[in-house]
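Here are the chains, one letter per residue:
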Amino acid sequence: MSNSTMEQQQSTTQISEVKGEILQKKHEEKESWFAKKEALKKDIQEANITIAHEIIHLLIYSQAKRLKLDYKKTEGVVDLFFKKTSLKKIFPKYKSQKGVIHSEKLFNQLAK
């Protein structure tokens, strides 16, 4: 094989390797973009849940204060808003607080 033929094969091999590296990098960038997009969607969903949760606190504040509800009972009522109203369709991934008291009676009083 002549030197020019060998040089051509080496150049072709190098070009193929570079193309492969470029394609791999583009693939990794695309995967990274999709991962970031999914993480952002999850962050937005969690932020929306937190906002709704806090708005419910504001809506029931005066009644909860009048009934002298403690933290566990108040959080339990807020949880029930997410489980017993149309909020369950809007926020199907809402996770109830742990260690709280879920009282349907209190919920019914406050949800009037």
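First things first, this report covers the structure right here in the doc. (Residues numbered from 1 in each chain as written. Predicted model: local features only at pLDDT ≥ 70, side-chain atom pairs only at ≥ 80, totals over all residues. Heavy atoms only, no water.)

This part takes up the overall build of the protein chain. Counting its secondary structure elements, the protein chain contains four helices and zero strands. Taken from N to C terminus, the helices and strands of the protein chain fall in the order α-α-α-α. In summary, the protein chain has a C-alpha radius of gyration of 29 Å against a globular reference of 13 Å for 112 residues, an excess of more than 25%. Expressed along its principal axes, the backbone C-alpha trace of the protein chain runs to roughly 95 × 25 × 20 Å. Sorting the 112 residues of the protein chain into buried and exposed places 22% on the buried side. Relative to all contacts within the protein chain whose residues are 6 or more apart in sequence, the contacts with residues 24 or more apart total 60%. In the form shown here, the protein chain has an accessible surface area of approximately 9000 Å², with 56% of it arising from carbon and sulfur atoms. Between the centroid of the 22 positive side chains of the protein chain and the centroid of its 14 negative side chains there is a distance of 15 Å. (Helix = DSSP H or I, 4+ residues; strand = E, 2+ residues; numbered from the N terminus. Rg over C-alpha atoms; globule rule 2.2 N^0.38 Å. Buried < 20%, exposed > 50% of the residue type's maximum accessible area, 1.4 Å probe, protein only. Contact = heavy atoms within 4.5 Å. Areas by Shrake-Rupley, 256 points an atom, 1.4 Å probe, with all protein chains shown as cover. Lys, Arg positive; Asp, Glu negative; His and termini not counted. Charge placed at Lys NZ, Arg CZ, Asp CG, Glu CD.)

Moving on, we get to the nonpolar core. Core analysis: the largest hydrophobic core is formed by 17 residues, its most contacted members being Ile56, Ile60, Val77, Phe81, Phe82, Leu87 and Phe91. Non-local contacts of valine 77, meaning those with residues more than four positions away in its chain, are made with Ile60, Ile101, Leu106, Phe107 and Leu110. (Core = buried A, V, L, I, M, F, W, Y, C linked by side-chain atoms within 4.5 Å.)

What follows deals with the environment of tyrosine 61. In this fold, tyrosine 61 is placed in helix α1 (residues 3-66). Separated by 23 residues in the primary sequence, tyrosine 61 and glutamate 38 place their C-alpha atoms 35 Å from one another.

Glancing now at the packing of aromatic side chains. All told, the structure shown has four aromatic pairs when counted by the stated rule. Measuring from ring centre to ring centre gives 4.9 Å for tryptophan 33 and phenylalanine 34, while their planes differ by 75°; the resulting arrangement is edge-to-face. Ring geometry for phenylalanine 81 against phenylalanine 107: centres 5.0 Å apart, planes inclined by 75°, an arrangement best described as edge-to-face. Separated by 26 residues along the polypeptide, phenylalanine 81 in helix α2 (residues 71-84) and phenylalanine 107 in helix α4 (residues 104-110) bring together distant segments of the chain. (Phe/Tyr/Trp six-rings, centres within 6.5 Å; stacked < 30°, edge-to-face > 60°.)

This structure, assessed with the given rule, holds three salt bridges. Of the charged contacts in the structure, one is a salt bridge between glutamate 38 and lysine 41, with a shortest N-O distance of 3.6 Å. Here glutamate 38 and its partner lysine 41 are both found in helix α1, three residues apart, which amounts to about one turn of the helix. The salt bridge partner of glutamate 104 is lysine 84, with a shortest N-O separation of 2.9 Å. In this pair, glutamate 104 is assigned in helix α4 and lysine 84 in helix α2, connecting sequence segments 20 residues apart. Given a relative accessible area of 41%, glutamate 104 falls into the partly exposed group. Judged by relative accessible area, which is 43%, lysine 84 ranks as partly exposed. (Salt bridge = Lys/Arg side-chain N within 4 Å of Asp/Glu carboxyl O.)

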